[in-house]
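What the coordinates show
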Amino acid sequence: MEINESEFYNRLLDYHNLLYLCHRNADPDALGSAFALKEALGGTIGVIEGCDRVASQIAKQLNIDFVVNPADDHDFVVVVDTSTLAQLNGFQLKRYAVIDHHATTSLNINADFFLHRNSSSTAEIVLRVLNLMGAPIMRRAAFALIAGIITDTGNFKHASADSFKAMAELIELSGIEYSEVMESLSSLPQDISMRIAFIKAAQRAIIERVEDWIIVTSQVSSFGGAAATNLISIGADVAFVASKDAEVVKVSARARKNAINAGVNLARLMEDISARFNGTGGGHEGAAGMDVHGDIENILANCTEYVRNSLLKITCQMRP
Ligand SMILES: [Mn+2]
């Protein structure tokens, strides 16, 4: 049965031993929504398999307790931010409710009741429930809900007016600085050797400008793929990062979408160049790699030259 926000919490008040169940690899929207509900109504948070990287970081920072693969010994289960049973890895649901924002929610069919809204995040629905309850929203719950909204809207790329309103309200209520949450959601790796690899890749970068395109090559001893992605994020259109592993030269490449649209195809590039340097390579248009043999500078110079030709060919064709 479909119900509204105020009915949702009124019904939940009847149960004592609630389990808020998040989908497998729970994201900040699932975990944050479950946590805010738990703080208001009591109960236990359960996640299937575990949390994703960002949700784990939030849980650690806010001291959120959750049970991985919980036992089915609760009076009632509230399935949070989950649209299909498959996302629960076969968890045996008996009496349960659903709170969710996904377009298709097959779990609703057998639920005792469900609250469904087409919002950009479950966190926004939870905020409305808590407001109607008159429940105080404490700092940790607000932080978790803010994190859920930011991640589910893709840093507000897919945000609605309601997402901004919810954010403004949460910030106002809690006094949390927006930048604090952004900091914890930062994509910067925690691993120090990976951060060093990123900085070294930037420090050793050789920059080649082809008209308005920037091609970057660099070398690190490990984390080449992640370092290439990072070079793209700081401004390269196409990046190649090489690492030498005994006699094998490993090259990882990444390209921005606009470079792909302009004719760069890294999968083909890796196949062609690896054939010249006695190795194998392939992947996707925008992300590829190869294991080859030869002089590392010469290999990278070949990569740059190949991209230059791909880009210039397209540019020439487009001229009248
Ligand atoms: Mn969600």
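In short, a report on the structure. Bear in mind that the values here come from a model prediction, so they are computed numbers and not experimental data. (Residues numbered from 1 in each chain as written. Predicted model: local features only at pLDDT ≥ 70, side-chain atom pairs only at ≥ 80, totals over all residues.)

1. Let's talk about the overall build of the protein chain
Within the protein chain, the secondary structure is distributed over 12 helices and 12 strands. Viewed in the frame of its principal axes, the protein chain has a C-alpha envelope of about 70 × 40 × 35 Å. Here the analysis covers contacts within the protein chain between residues at least 6 apart in sequence; of these, 58% occur between residues at least 24 apart. (Helix = DSSP H or I, 4+ residues; strand = E, 2+ residues; numbered from the N terminus. Contact = placed C-beta atoms within 7 Å.)

2. Brief notes about the sheet that holds strand 3 (residues 67-68)
Reading across the sheet, the 6 strands line up as 3-2-1-4-5-6 and stay open at both edges, with parallel pairing between neighbours. For this open sheet the edge positions go to strand 3 and strand 6 (113-116), each flanked by a neighbour on one side alone. As defined by bridge partners, strand 2 (residues 44-47) adjoins strand 3 across 2 bridges and the pair is classed as parallel. Residue pairing across strands places Gly46 opposite Val67, the latter belonging to strand 3. Helix-sheet contacts for helix 4 (residues 122-133) involve strand 4 (76-80), strand 5 (96-100) and strand 6, and the interaxial angle to strand 5 is about 110°. (Pairing = 2+ DSSP bridges. Axes fitted to C-alpha atoms, helices over the stretch in contact; angles between N-to-C directions.)

3. Quick look at the nonpolar core
Core analysis: the largest hydrophobic core is formed by 55 residues, its most contacted members being Leu31, Val78, Val126, Ala144, Leu145 and Ile146. Ranked by residue count, the leading element in this core is helix 5 (residues 139-152), at 9 residues. (Core = buried A, V, L, I, M, F, W, Y, C linked by C-beta atoms within 7 Å. Buried ≥ 20, exposed ≤ 12 C-beta atoms within 10 Å, placed from the backbone.)

4. Overview of the sheet that holds strand 9 (residues 238-245)
With respect to topology, 6 strands assemble into an open sheet ordered 7-8-9-10-12-11, the strand pairing being mixed. Two strands lie at the open edges of the sheet, namely strand 7 (206-210) and strand 11 (280-283), each paired on one side alone. Taken pair by pair, the neighbouring strands of this sheet meet at an average axis angle of 15°, ignoring direction. When strand 11 meets strand 12 (residues 287-292), the two strands line up antiparallel, connected through 4 bridges. Across the sheet, residue Gly282 finds its bridge partner in strand 12, namely Gly289.

5. Looking at unusual backbone geometry
You will see that Asp81, though not glycine, has its phi angle at about 60°, which is positive. Mapped onto the secondary structure, Asp81 falls in the loop between strand 4 and strand 5. If you check the backbone angles, Phe223 has positive phi at about 60° while not being a glycine. When you line up the elements, Phe223 lands in the loop between strand 8 (213-219) and helix 9 (224-233).

6. A few points about the pairing of strand 10 (residues 248-255)
Of all the 8 residues making up strand 10, 6 are buried; the element is thus mostly covered by neighbouring parts of the structure. Note: strand 9 against strand 10, 8 bridges, orientation antiparallel. For Ala242, the partnering residue across the bridge sits in strand 10 and is Val251. Where strand 9 folds back onto strand 10 in an antiparallel hairpin, the turn is made up of 2 residues, including Ala246, whose phi is positive at roughly 55°. Inspection of the sheet shows strand 10 paired to strand 12 by 6 bridges, in the antiparallel sense. Bridge assignment links Val249 to a residue of strand 12, and that residue is Val292.

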